[in-house]
Amino acid sequence: MKNLENGISASLCRRLLAGAAAAAALLVFSAGTASAANCIKGDRKAPYTVGWANIYSVPTWMKQTEGTITAEVEELKKAGLVKELMITDAQGNAQTQIQHIQSMIDANVDAIVVIAGSSNALDRVISDACDKGIAIVNFDSLVNTDKVTAKINTDSNEWGATAAKWMVSQLGGKGKIIIMNGPAGISVSDDRRKGAQPILDANPGLQVITETNTEYNVAPAQEAMTSLLFANPEIDGVLSLGGALSAGSVLAFERQGRDQVPTTGENARQFLELWKEKGLKSWATMQPNWLGALSVYTAVQALEGKDVPAFVKVPLPVIDESTIGSYLARADKFPADGYIYSDYDKVLFDKLLAK
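Residues numbered from 1 in each chain as written. Predicted model: local features only at pLDDT ≥ 70, side-chain atom pairs only at ≥ 80, totals over all residues. Heavy atoms only, no water.

Asks: So what exactly am I meant to see when it comes to the overall build of the protein chain here?
Replies: For the protein chain, the count of helices and strands is twelve helices and eleven strands. Here the protein chain, with 355 residues, has 58% of them falling under the buried criterion. Pairs at least 24 residues apart make up 75% of the contacts formed inside the protein chain by residues separated by at least 6 positions. Working note: accessible area of the protein chain is about 13,800 Å², and carbon and sulfur atoms make up 49% of it. (Helix = DSSP H or I, 4+ residues; strand = E, 2+ residues; numbered from the N terminus. Buried < 20%, exposed > 50% of the residue type's maximum accessible area, 1.4 Å probe, protein only. Contact = heavy atoms within 4.5 Å. Areas by Shrake-Rupley, 256 points an atom, 1.4 Å probe, with all protein chains shown as cover.)

So, in structure tokens, the structure goes:
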């Protein structure tokens, strides 16, 4: 497999396109969900115009994800399936994102790929797009409405639950912890937190002394944790549900001269490097950036008349002491403030699509 940087290599994209076109069934995320593609009326013909309705582009994770989207579109252009990619940036404002999606509807794009800035605020405009026969593929942060062609994601509840279980194990079920969440109202952030709660309820000896919500960037996370350190002289663990949040936490502990504590996180390069450098007790997982590329591909396949299921589940990897070395060995292939996401190729996509 080839390593990926900000986008997909041209040869890799060609392999992905060739392999993925042969697959007709995706992994169903939940029982009882219709398998036929929604929104597709069969009246749209290639080459297609694809809209990428981004909620914000500042976090490096989003930049890397957009890189996989643009690279996939370039390969689909070569195959004669896409003619144009329309990109918008709502700068974190869900109402602005609604306006952008409406503009895409007005422009009669053929497909819209979206990470939702709100789990419910976008429902009406997404439904309107679906009614007009526009393929809608929603990944990462999901909308509530089922009037989409497909939703693609890892299991955020599982993410939160597994992180919480690791923390319980590290602290023997007793101690004072701080929870670091992403932005409130973003489904991927809220779902991770919801997933952790049953584990916390089952282990009352683990006391949540406070929690915070910040954007997925190191600087605001460090600032938030610094304030919490001043207010809480005793902290035994940090249940962080995002990689940049974890890096910010570690840096805040270091700046204040506090001993590091067990910390969960994500595949952010800075966090993984700090983990190794400081000998942290940590656990992490990953939200693959290539969910964006897979979403574009899925939208085009649906427009081409292929059956796609309503939900596609992408398994969560585990990054621990036994696997962190393999990620750090490739660190120089990714931005210093970016995410070391997993390799993928025809074999992996075929495996996902065949399940």
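Asks: Would you mind going over the state of the cysteines with me for this structure?
Replies: Formally, a disulfide is one covalent bond, and it connects the sulfur atom of one cysteine to the sulfur atom of another. Summed over all chains, the structure comprises one disulfide. Linked covalently through their sulfurs, Cys39 and Cys130 form a disulfide whose S-S length is 2.2 Å. Measuring the twist about the S-S bond at about -100 degrees, one finds the Cys39-Cys130 disulfide to be left-handed. Note that Cys39 is positioned in the loop between helix H1 (10-20) and strand E1 (48-54) and Cys130 in helix H4 (residues 123-131), a separation of 91 residues in sequence. In this structure, Cys39 and Cys130 share a single accessibility class: buried. (Disulfide = S-S within 2.5 Å.)

Asks: Explain the sheet that holds strand E11 (residues 311-313) to me, please; I cannot follow it from the model alone.
Replies: Strand order in the open sheet made by the six strands is E2-E1-E3-E4-E5-E11, with parallel pairing throughout. Bordering the open sheet on either side are strand E2 (82-89) and E11, each of which pairs with just one other strand. Neighbour-to-neighbour, the strand axes of this sheet turn through a mean angle of 15 degrees, independent of strand direction. Direction of pairing for strand E4 (residues 135-139) relative to strand E5 (residues 150-153): parallel, over a ladder of three bridges. Residue pairing across strands places Phe139 opposite Ile152, the latter belonging to E5. Helix H2 (residues 60-78) contacts E1, E2 and E4 of the sheet and is inclined by roughly 165 degrees relative to E2. (Pairing = 2+ DSSP bridges. Axes fitted to C-alpha atoms, helices over the stretch in contact; angles between N-to-C directions.)

Asks: What exactly am I supposed to notice about the side chain of Gln287 here?
Replies: Looking at the secondary structure, you find Gln287 in the loop between strand E10 (282-285) and helix H10 (291-303). Exposure remark for Gln287: the relative accessible area of 1% places this residue in the buried category. Beyond its immediate sequence surroundings of up to four residues, Gln287 is in contact with Trp61, Asp140, Asn153, Thr154, Trp159, Val188, Arg192, Glu266 and Asn267.

Asks: Is there a simple way to think about the pattern of salt bridges in this case?
Replies: Should their charged atoms come close, side chains of opposite charge can pair. Under the counting rule described, the total for this entry stands at eleven salt bridges. Lys147 serves as the salt-bridge partner of Asp131, at 2.5 Å between the closest nitrogen and oxygen. Highlighted residues: Asp131 in helix H4 and Lys147 in the loop between E4 and E5, separated in sequence by 16 residues. Overlapping salt bridges bring together Glu254, Glu277 and Lys278 as one network. (Salt bridge = Lys/Arg side-chain N within 4 Å of Asp/Glu carboxyl O.)

Asks: Help me understand the nonpolar core in this model?
Replies: Where a protein is soluble and globular, its nonpolar side chains tend to be buried together. Core analysis: the largest hydrophobic core is formed by 69 residues, its most contacted members being Phe139, Ile152, Met225, Phe271, Leu272 and Trp275. Tallying contributions element by element places H10 first for this core, with eight residues. Both domains that meet at this core, namely domain 1 (48-153 + 288-314) and domain 2 (156-285), each give it at least three residues. With sequence-adjacent residues up to four places away left out, Ile152 is seen in contact with Val137, Asn138, Phe139, Asp140, Leu142, Leu291, Leu294, Ser295, Thr298, Val312 and Val314. (Core = buried A, V, L, I, M, F, W, Y, C linked by side-chain atoms within 4.5 Å. Domains from an automatic or database assignment.)

Asks: For this particular structure, what's the right way to read the side chain of Asn267?
Replies: Assignment of secondary structure puts Asn267 in the loop between strand E9 (263-266) and helix H9 (269-278). Ignoring anything within four residues of it in the chain, the contact list for Asn267 reads Leu272, Thr285, Met286, Gln287, Ile319, Gly338, Tyr339, Ile340 and Tyr341.

Asks: What am I meant to see in the packing of helix H3 (residues 94-106) against H4 here?
Replies: Two measures define how a pair of helices packs: the angle their axes make with one another and the distance between the axes. With their axes 9 Å apart at the nearest point, H3 and H4 run at an angle of 10 degrees to one another. Classified by the angle their axes make, H3 and H4 are roughly parallel. Here Ile98, Ile101, Gln102 and Ile105 of H3 lie close against H4, whose contacting residues are Val125, Ile126, Asp128 and Ala129. Split into classes, the residues belonging to the contact of H3 with H4 amount to six nonpolar, one polar and one charged. (Parallel < 35°, antiparallel > 145°, perpendicular 65-115°, else oblique. Nonpolar A, V, L, I, M, F, W, Y, C, P; charged D, E, K, R; others polar.)

Asks: So what exactly am I meant to see when it comes to the environment of Gly92 here?
Replies: Mapped onto the secondary structure, Gly92 falls in the loop between E2 and H3. Expressed as a C-alpha distance, the spacing of Gly92 and Ala116, which sit 24 residues apart in the sequence, is 9.8 Å. Not counting the four nearest positions on each side in its chain, Gly92 is found in contact with Ile55 and Tyr56.

Asks: What's the story with the packing of aromatic side chains in this structure? I'm lost.
Replies: The relation between two aromatic rings is expressed through the spacing of the ring centres and the mutual angle of the planes. Tallied over the full model, the rule gives three aromatic pairs. Both rings, one in Trp52 and one in Phe139, keep their centres 5.8 Å apart while their planes meet at 25 degrees; by these two values the pair is stacked. One end of the pair, Trp52, is in strand E1; the other, Phe139, is in strand E4, and 87 residues separate them in sequence. Residue class for Phe139 comes out buried when judged on its relative accessible area of 0%. For the pair Phe271 and Trp275, a centre-to-centre distance of 5.8 Å together with 45 degrees between the ring planes defines the contact as tilted. Within this pair, Phe271 and its partner Trp275 are both found in helix H9, separated by four residues, close to a single helical turn. Stacked on the ring of Trp159, the Lys or Arg Arg192 has its end atom at 3.6 Å from the ring centre. (Phe/Tyr/Trp six-rings, centres within 6.5 Å; stacked < 30°, edge-to-face > 60°. Lys NZ or Arg CZ within 6 Å of the ring centre and 35° of its normal.)

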